[in-house]
Amino acid sequence: MHWVKKWYWQKTAEDAVKILNDKGYTAMYAETADDAKQMVLDLIPEGSSVAVGGSVTIGDMGLIDIFRSDKYKFYERFNTSGYAETYQVYRQSFLADYLVTSSNAITRNGEIVNTDSSGNRAGQIILGPEKVIIVVGANKIVDDLNAAFERIRVVAPQNAKRIGHHCPCVETGYCVDCDHPESVCNATSIIHNGRKHPGRYTVIVVAEELGF
Ligand code: SF4
């Protein structure tokens with residue numbers, strides 16, 4: 001990575017950590033995704049039950065296979081017989097000790113914004129799992145809610161393509177505000193701050209570009 005780009009991600013991540021701590025979350029800075037991975041593992045006691053969002057960031061960090069080990073009880077949402085079983089895992093995941101996920105966007109006002117196909121991540125971030133650990137690359141820090149929604153419009157077609165949905169943006173490459181049955185944009189949640197349940201949210205901001 002060019003050193004100026006690294007400097008930009010460092011400044012962005014440092015700034016976001018300050019804002020998020022002021023907003024009542026527990027926010028931490030990570031220099032690299034490897035550092036963030038170790039921080040996540042240090043936060044979760046062995047024996048805990050763990051649910052995850054459908055996150056490229058978390059998958060690329062190699063955390064999914066670790067959560068599948070016998071050290072944890074993993075809510076297996078990926079290797080199922082189909083959506084009916086996945087849906088039941090989503091429902092059960094609301095009782096997890098930990099939700100580990102990324103996010104679509106975090107604003108410079110400390111809002112955490114997520115749009116989902118099924119609403120499992122968006123819903124569990126609001127309430128359910130005892131603790132929520134969110135790992136984001138600094139590329140997901142945006143100025144405000146409008147910028148967050150704009151970011152989601154840009155990345156949602158990429159996510160639709162990635163997970164094999166057949167909504168219109170997979171043909172166009174950009175959002176056409178569809179009403180398609182295979183839309184990946186069916187539920188959006190905004191967390192405004194971390195004050196209601198102190199200690200529930202840990203947000204790790206990585207000074208790198210990660211995920212979608
Ligand atoms: S076209 Fe539909 S599925 Fe694709 S990004 Fe827009 S609203 Fe989401």
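Quick summary incoming for the structure in this document. (Residues numbered from 1 in each chain as written. Predicted model: local features only at pLDDT ≥ 70, side-chain atom pairs only at ≥ 80, totals over all residues. Heavy atoms only, no water.)

## Things to note about the overall build of the chain
So the rule is basically this: In this text, helices come from DSSP runs of H or I with a minimum length of four residues, and strands from runs of E with a minimum of two, each type numbered from the N-terminal end. The globule rule used for comparison is 2.2 Å times the number of residues to the exponent 0.38, while the radius of gyration itself is calculated over C-alpha atoms. Each residue's exposure class comes from its accessible area (1.4 Å probe, protein chains only) as a fraction of the maximum for that residue type: buried when under 20%, exposed when over 50%, partly exposed otherwise. Here the Shrake-Rupley method, with its probe set to 1.4 Å, supplies the accessible areas, and only the displayed protein chains count as covering residues. Neither His nor the chain termini are counted; the positive set is Lys and Arg, and the negative set is Asp and Glu. Lys charges are placed at NZ, Arg charges at CZ, Asp charges at CG and Glu charges at CD.
Secondary structure summary: the chain contains eight helices and ten strands in total. Expected size for 212 residues packed as a compact globule is a radius of gyration near 17 Å; at 16 Å, the chain falls within 12% of this value. Here the C-alpha coordinates of the chain stretch approximately 40 × 40 × 35 Å along the principal axes. Within the chain, the fraction of its 212 residues that count as buried is 47%. Element-wise, carbon and sulfur atoms account for 51% of the exposed surface of the chain, whose accessible area totals about 10,400 Å². One way to put it: in the chain the 22 positive side-chain charges average out to a point 3 Å from where the 26 negative ones average out.

## Some words on the sheet that holds strand β1 (residues 26–30)
Definition in use: Pairing between two strands requires that DSSP report at least two bridges joining them.
With parallel pairing, six strands are arranged side by side in an open sheet as β1-β10-β7-β4-β2-β3. The sheet terminates laterally at β1 and β3 (73–74), the two strands that pair on one side only. Across three bridges, strand β2 (residues 49–52) lies against strand β4 (residues 98–101) in parallel orientation. Across the sheet, V50 pairs through a bridge with Y98, a residue of β4.

## Examining the site of the ligand
Our working rule: Throughout, the term near means that a residue has one or more heavy atoms lying within 4 Å of the molecule or strand in question. Put simply, Ala, Val, Leu, Ile, Met, Phe, Trp, Tyr, Cys and Pro go in the nonpolar bin, Asp, Glu, Lys and Arg in the charged bin, and everything else, Gly too, in the polar bin.
In the vicinity of the ligand, the residues found are A156, P157, C167, C169, C175, V176, D177, C178, S183, V184 and C185. Tallied by class, residues from the shell around the ligand come to nine nonpolar, one polar and one charged.

## Considering the nonpolar core
Here is the rule we go by: In these notes, a set of buried Ala, Val, Leu, Ile, Met, Phe, Trp, Tyr and Cys residues joined through side-chain atoms within 4.5 Å is what counts as a nonpolar core. Contacts are assigned to residue pairs that have any heavy atoms within 4.5 Å of one another.
If you look at the biggest cluster of nonpolar residues, it comprises 25 residues, and the most contacted ones within it are I134, V203 and V205. Put simply, the parts of the chain that give this core at least two residues each are α1 (3–22), β7 (131–137) and β10 (201–206). With five residues, α1 is the single largest residue contributor to this core. The contacts of I134, once residues within four sequence positions are left out, are T101, S102, S103, I112, I125, Y201, T202, V203 and I204.

## What to know about the environment of I133
Within the fold, I133 resides in strand β7. Here I133 falls in the buried class, since its relative accessible area comes to 1%. Between the C-alpha atom of I133 and that of I204, which follows or precedes it by 71 residues, the distance is 7.6 Å. Among residues more than four places away in sequence, those in contact with I133 are V40, L43, I44, Y98, L99, V100, T101, T202 and I204.

## Remarks on the pairing of β7
Of all the seven residues making up β7, six are buried; the element is thus mostly covered by neighbouring parts of the structure. Summarising the sheet, β4 and β7 pair through four bridges and their orientation is parallel. From the neighbouring strand, T101 faces β7, where its bridge partner is I134. In the sheet, β7 pairs with β10 via six bridges, with the strands oriented parallel. If you follow V132 over to β10, its bridge partner there is Y201.

## Notes on helix α7 (residues 145–163)
This is how the line gets drawn: Any helix carries an expected span of 1.5 Å times its number of residues minus one. Fitting axes to the seven residues that end at a residue and to the seven that start at it, the angle between those axes gives the bend at that residue. Identification of polar contacts relies on pairs of N or O atoms within 3.5 Å, with a donor-acceptor requirement for protein atoms, meaning one able to donate a hydrogen and the other able to accept it, and with residues adjacent in sequence counted only if both atoms are side-chain atoms.
Its 19 residues give α7 an end-to-end C-alpha distance of 25 Å, which sits within 8% of 27 Å, the value for a rise of 1.5 Å per residue. Residue V155 marks the point of greatest curvature in α7, where the axis turns by about 35°; the proline P157 follows within four residues. Those residues of α7 that sit buried are A148, R151, I152, V155, A156, P157, N159 and A160. Looking at the buried positions of α7, the neighbouring elements they touch are β5 (105–107), β6 (112–116), β8 (141–142) and α8 (169–172). A distance of 3.3 Å separates the backbone nitrogen of N146 from a side-chain oxygen at the start of α7, and that oxygen is part of D144. One or two steps after α7, the chain reaches G164, where phi turns positive at roughly 80°.

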